[in-house]
Amino acid sequence: MRSSMRIEGQFIAWDEKRHFGFIQPAHGGKDILVSDGSFDNKAARPSLNDKVSFEVELSSKGRERARRVRPLSDTDTKPQATAAHSPTEAAAEASPSATPHHHRRHPTASASSWDVPTLFAIPLFLAFFLFISAVWKIPKISLLWPLMMSIATFIAYAKDKRAAHSPEGEEEDRIPETTLHGLALLGGWPGALLAQQMLKHKNDQRVFRLMFWLSVVGNSVLCVVLSMSYAAWFLRKAVAETCTSLPC
């Protein structure tokens, strides 16, 4: 259940680790849950104690939560719910014809939203891998490993985002950041890169992104070391076979 009636309140709490918090309605009553997906513009998330306006909907578990949250401005003239009603009840009583329609801005996926390293990292890695495969005779079937790891990593990001946007979920539903970085280090970073951009998850956290790019560098170094080890083994094997084929 949801309504377009806007309610005013104060942004009083935010858990940075679990990505949800609470809004205290101006008319009183119980605090309203708010999560990453509740804001009209994620890049302009209100600061703590800021005045905000929002709409209310019921979650799948029947709990009130905020949606389309934005900082309160002088032009926001929406009627507020009275203290005698809960936000949901007041919103239900509002007439749709009396409430002007608000157009929600939907972000569009374009090249401009993808940073330069993101645009070029995957094709550069593919070219690099094909080059060392040709030079050091690395089996091209080994490309299946980063492909499978990327799929697993993308799924892990998707699950973590879903848990992050579900304030009623348990803490254990989140995927630890160390696990996400570990998957990237083991070859799943292309999938992580795609997930960060396509799912808009973890793409605006500087510390996390720094650790992510360090894991990309670490994976590249690991690829070189393993490729050189394979090349050395292949060379020794070829030399041994040549020696055994020569007449005594």
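Rules used in this analysis
- Residues numbered from 1 in each chain as written.
- Predicted model: local features only at pLDDT ≥ 70, side-chain atom pairs only at ≥ 80, totals over all residues.
- Heavy atoms only, no water.
- Axes fitted to C-alpha atoms, helices over the stretch in contact; angles between N-to-C directions.
- Helix = DSSP H or I, 4+ residues; strand = E, 2+ residues; numbered from the N terminus.
- Parallel < 35°, antiparallel > 145°, perpendicular 65-115°, else oblique.
- Left-handed = near helix turned anticlockwise from the far one by under 90°.
- Contact = heavy atoms within 4.5 Å.
- Nonpolar A, V, L, I, M, F, W, Y, C, P; charged D, E, K, R; others polar.
- pLDDT = per-residue confidence, 0-100.
- Phe/Tyr/Trp six-rings, centres within 6.5 Å; stacked < 30°, edge-to-face > 60°.
- Lys NZ or Arg CZ within 6 Å of the ring centre and 35° of its normal.

### A short note on the packing of helix 3 (residues 144-164) against helix 4 (residues 177-198)
- Interaxial distance between helix 3 and helix 4 falls to 7 Å at its minimum, and their mutual angle equals 60°. Relative to helix 4, helix 3 is oriented oblique. For helix 3 against helix 4, the interelement crossing comes out right-handed. Of the residues in helix 4, those in contact with Trp145, Pro146, Met149, Ser150, Thr153, Phe154, Ala156, Tyr157 and Asp160 of helix 3 are Leu180, Leu183, Leu186, Gly187, Gly188, Pro190, Gly191, Ala192, Leu194, Ala195, Gln196 and Met198.
- Within the contact of helix 3 with helix 4, the residues separate by chemical class into 14 nonpolar, 6 polar and 1 charged.

### Points about the confidence of the model for the protein
- Per-residue pLDDT for the protein averages 75, and the proportion of residues at 70 or more is 73%.
- Within the protein, helix 1 (residues 87-93) has the poorest average pLDDT of any element, 48, and helix 4 the best, 92.
- Here residues 77-85 is a poorly scored stretch, pLDDT under 50, and it has 18 contacts once near neighbours within four places are set aside; other chains count.
- A low-confidence stretch, residues 90-113 (pLDDT under 50), is modelled with 27 contacts involving residues beyond four sequence positions or located in other chains.

### Section: the packing of aromatic side chains
- Tallied over the full model, the rule gives 7 aromatic pairs.
- Taken together, a centroid distance of 6.2 Å and an interplanar angle of 80° make the contact between Phe20 and Phe22 edge-to-face.
- Chaining the aromatic ring pairs together yields one cluster made of Phe11, Trp14 and Phe39.
- In this structure, Lys202 packs its charged tip against the face of Phe208, placed 5.2 Å from the ring centre.

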